[in-house]
Amino acid sequence: MKNSNSYNTTPFKVAPIAIAVGSALALMSAPAFAADNQVALDRIQVIDSSEKGYKAEAPSSPKFTQEMVNTPKTINVVNEQVLEDQGVTSLEDALRNVSGVSTFGAGEGGGGNVNTSDNVTIRGFDANGSIYSDGIRDVAGYSRDTFNIEQVEVAKGANGSIYGKGSAGGSVNLVSKAAHLRGDKNSINASYDEGDTKRLTGDFNKVLSEDSAIRLNLMAEQGGDYWDNGEEEYKSYAIAPSYFERLSEDTDFTINFLHTKQDNTPVIGLPFITEQTSAALGIPEGTLPEEYWSNYYGVKGRDFEELDATVVTAIINHKLSQEWNLRSQTRFGETETKSIIHRPWPENLGDRNNPDYTGNYGLVFPKTDFSKNQLLVTQLDFIGEKYMGNVRHDIVIGAEAYRESQKTPNVDLSGYSYSKESYNPLNPGEITATGNYSIDGYSKDATANGLAAYLHDTVTLNEHWQVAAGARLENYDVDSTQNVGRGDSATSVSASSDANLFSWNTSINFKPTRNGSIYLSVANNQEPNGNNLSLNGRNAEQVSEYTSLDPLESMTTELGTKWELLDDRLLLSAAVFRTTKDVYDTIDEQLATSGEQESKGFELSATGQLTDSLAITASYTRQDAKVTENYSNPEAEGNGLTAAPDDSAALWMTYASGPLTLGAGAEYQSGNDFWRRNTVYFTTGDITLVNAMAGYAFTENLSAQLNVSNLTDERYATDYSAKGHFKPGNPRNVKVSVKYDF
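Described below are features of the structure shown in this document. (Residues numbered from 1 in each chain as written. Predicted model: local features only at pLDDT ≥ 70, side-chain atom pairs only at ≥ 80, totals over all residues. Heavy atoms only, no water.)

Focus: the packing of aromatic side chains
Tallied over the full model, the rule gives 22 aromatic pairs. Between the aromatic rings of Phe-272 and Phe-682, the centroid separation amounts to 5.4 Å while the plane-to-plane angle is 85 degrees, which identifies the pairing as edge-to-face. With Phe-272 in strand 14 (residues 270-273) and Phe-682 in strand 36 (residues 679-683), this residue pair connects regions lying 410 residues apart in the sequence. A ring pair is formed by Phe-674 and Tyr-720, whose centres lie 5.0 Å apart and whose planes are at 75 degrees; its orientation type is edge-to-face. Linking Phe-674 in strand 35 (residues 673-676) with Tyr-720 in strand 39 (residues 717-721), this pair joins segments that are 46 residues apart in sequence. Across the pair, exposure class does not vary: Phe-674 and Tyr-720 are buried alike. (Phe/Tyr/Trp six-rings, centres within 6.5 Å; stacked < 30°, edge-to-face > 60°. Helix = DSSP H or I, 4+ residues; strand = E, 2+ residues; numbered from the N terminus. Buried < 20%, exposed > 50% of the residue type's maximum accessible area, 1.4 Å probe, protein only.)

Describing the nonpolar core
Grouped together as the largest cluster of nonpolar side chains are 30 residues, with contacts concentrated most on Leu-288, Phe-682, Tyr-720 and Phe-726. Residue assignment for this core shows that the elements contributing at least two residues are strand 14 and strand 39. At three residues, strand 14 tops the list of elements feeding residues into this core. The next biggest cluster of nonpolar side chains, apart from the first, holds 22 residues, and it includes Val-78, Val-88, Ile-149 and Val-152. (Core = buried A, V, L, I, M, F, W, Y, C linked by side-chain atoms within 4.5 Å.)

Looking at the sheet that holds strand 14
Reading across from one edge, 15-14-40-39 is the order of the four strands in this open sheet, with antiparallel pairing throughout. Looking at which strands have only one partner, the edges of the open sheet turn out to be strand 15 (286-287) and strand 39. (Pairing = 2+ DSSP bridges.)

With respect to the sheet that holds strand 8 (residues 170-176)
The five strands are arranged 1-7-8-5-6 in an open sheet whose pairing can be described as mixed. With one partner strand each, in any of the chains shown, strand 1 (75-79) and strand 6 (136-137) form the two edges of the open sheet. Taken together, the five bridges between strand 1 and strand 7 (residues 149-156) define a ladder with antiparallel strand orientation. Its bridge partner lying in strand 7, Val-77 is registered against Glu-153.

Examining the side chain of Glu-305
Inspection of the secondary structure assignment puts Glu-305 in strand 16 (residues 304-319). The side chain of Glu-305 is buried and forms no salt bridge, while Lys-367, the nearest opposite charge, is found at 8.5 Å. Here the side chain of Glu-305 touches Thr-116 through a polar contact of 2.3 Å, side chain to side chain. (Lys, Arg positive; Asp, Glu negative; His and termini not counted. Salt bridge = Lys/Arg side-chain N within 4 Å of Asp/Glu carboxyl O. Polar contact = N/O pair within 3.5 Å; in protein donor to acceptor, adjacent residues only side chain to side chain.)

A short note on the pattern of salt bridges
In this structure the tally under the stated criterion is 39 salt bridges. Salt-bridge contacts for Lys-165 lead to Glu-474; the nearest nitrogen and oxygen are separated by 4.0 Å. Here Lys-165, found in the loop between helix 4 (160-163) and strand 8, pairs with Glu-474, found in strand 26 (residues 465-484); they are 309 residues apart in sequence, far enough to count as distant. Under the relative-accessibility criterion, Glu-474 is labelled buried at 5%. Two residues, Glu-598 and Arg-578, come together in a salt bridge whose shortest N-O distance is 2.8 Å. Residue Glu-598 is located in strand 31 (residues 590-609), and its partner Arg-578 is located in strand 30 (residues 570-587); the two are separated by 20 residues in the primary sequence. For Glu-598, a relative accessible area of 6% puts it in the buried group. Each of Glu-80, Glu-150, Lys-177, Asp-203 and Arg-215 takes part in a single network of salt bridges with overlapping partners.

Notes on unusual backbone geometry
Unlike most non-glycine residues, Asp-568 shows phi in positive territory, near 65 degrees. When you line up the elements, Asp-568 lands in the loop between strand 29 (552-565) and strand 30. For Asp-568, a relative accessible area of 25% gives the class partly exposed. The phi angle at Asn-678 is positive, at roughly 60 degrees, despite the residue not being glycine. The topology assignment puts Asn-678 in the loop between strand 35 and strand 36.

Considering the environment of Ser-497
Structurally, Ser-497 can be placed in strand 27 (residues 491-510). Along the primary structure Ser-497 and Pro-645 are separated by 148 residues, whereas in three dimensions their C-alpha atoms are 34 Å apart. Discounting chain neighbours no more than four positions away, the residues touching Ser-497 are Tyr-476, Asp-477, Val-478, Asn-529, Leu-535 and Thr-547. (Contact = heavy atoms within 4.5 Å.)

Without other data, these values stay purely geometric and don't point to any function.
Right under this line is the structure:
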């Protein structure tokens, strides 16, 4: 069983996953056997993730209490060593290692706005509301840096009983670095790349005594003008101290602090040439020709993005007895974002019914994002094991209480004056603005409260069979005053939504040998109205209708197998899956949760060591994601889902020999489609990106590394907006870094 008490001291036994209450009671009533026949499974030795190797022994959450090979669910882990070897510094780039995950077209539910926040789709379903940090939801929208991250975990399929309300496709969990007693360990890393990105990070762990330690992670970065437009720039600064103390033989305490600040001049899109503008300009419809990608399509003196985020987390682990442990985690977080960013928009001098497209692009409807998010959450887990004869129950009993709030002010841009009102996309020239914006009141003021209780139990019947299940009861209510409608016709509506959610999972796991498992699992998930602190509806009547509907439910069935080979250093996984999700639909002019979407397919993955020198992380997903039921528009049945390529794969391998390390890999997607109004507005086509690295250790302390991303200089789009713009992927980029360990 995996160590859930502390990652800082000698590991102790915790408990595997789950069994529904009825199943648990039935199994607990089985005849008892002699104590000397009790099943004894190996305990997991928690290893410092910074040690060499790509294979993760177990998920980090205490609710996943089995080793990875015995966890009946597809979970892809990108650990710190992979991030370091690839030179990855953002969550978006880290997720490129996981097939079945896309960051294309996920913004605003696929509604068409490219933005600078992390946008994640898993198995074809929007997962933006299912990004977690150490098991706590992070609903704020921004681009996350990995400087303070030990590993990124992607748990696929419905998992409401584990994390609560969220995505049908899965969730992303970021595991933070924390102070530990494993000795003093310090490193400084400096890098520079072709986007003129200068980056400096530091990671310092100091053991203060046999019972306490402090750790400090620092990051500063500036640059990012990869298309050399002369204006685009991203500045980030962050500090993350952590303190650990063993208060007694049975109790330890950790407090983590994170503060991040960003000051950016971003570009979220280049003009997409529509059918109407194509005729006016005399160039082909589609993405702007590559020769113009180095132009700056922004507004100088106005466009900006600022982020200020602070998170404080306190963790207490207490050993209640030989069998039971208590874990408490409490967090307060606040994230404030401010941004005004130009998005190219085709100029129409007419109206929707009588359009008159000039071929120019106007400055109307810039993207604004002003919001303040706050979070206060407490989680309490009792983790233990109970023998009844030779049947072992690994149990997690827990509760969670949380409060989330989001305030979005009204932003008035009428105080700006512009050097021109429109521009030719082939020769935009310089667009400048003078003046300033003003804020008056709020377009949204939402507060949500949640209270949940859950039970998980894994029953080990013998060395070959495990049965697991779990359940979570959750009450979620949200009160929101928000503007609905558009432009001058927008009105303020106050409404509330209250939902009682019941999520569950169950599985059976057959272990033909110690190092292998074959499992069948079924799990559900429920997503309430206002899950992301925004109530649905375009007018007051619709808002009221949506609040009366039941939560959207999804269901995932998965049949899989996992094997540890080569002295347990390599994990191979395979699974077939099917996820169905309810969606809002209209029947006889009445809203209902009667529509359905489906994603089904299979996945393969390999992670770990092929030899002492050769490491691999690889995954492949084949999926068929589509609309299966649509009562209001039957013609939509059979349509695909946005950001759900039929085939996707990721491969990365490194070879280490003495002081030299060489690495190479590729990412492949068969094509990301953007669906809207039963039409594919844009498709990327198939994309293959090749990456490589070379590292050399000059001494025990000093090393250097060269990373080349997009080695073949592929031209492709990373995102698309139905509003008239797209975002190109970065060209070939060479990055040099130097690391000093001491």
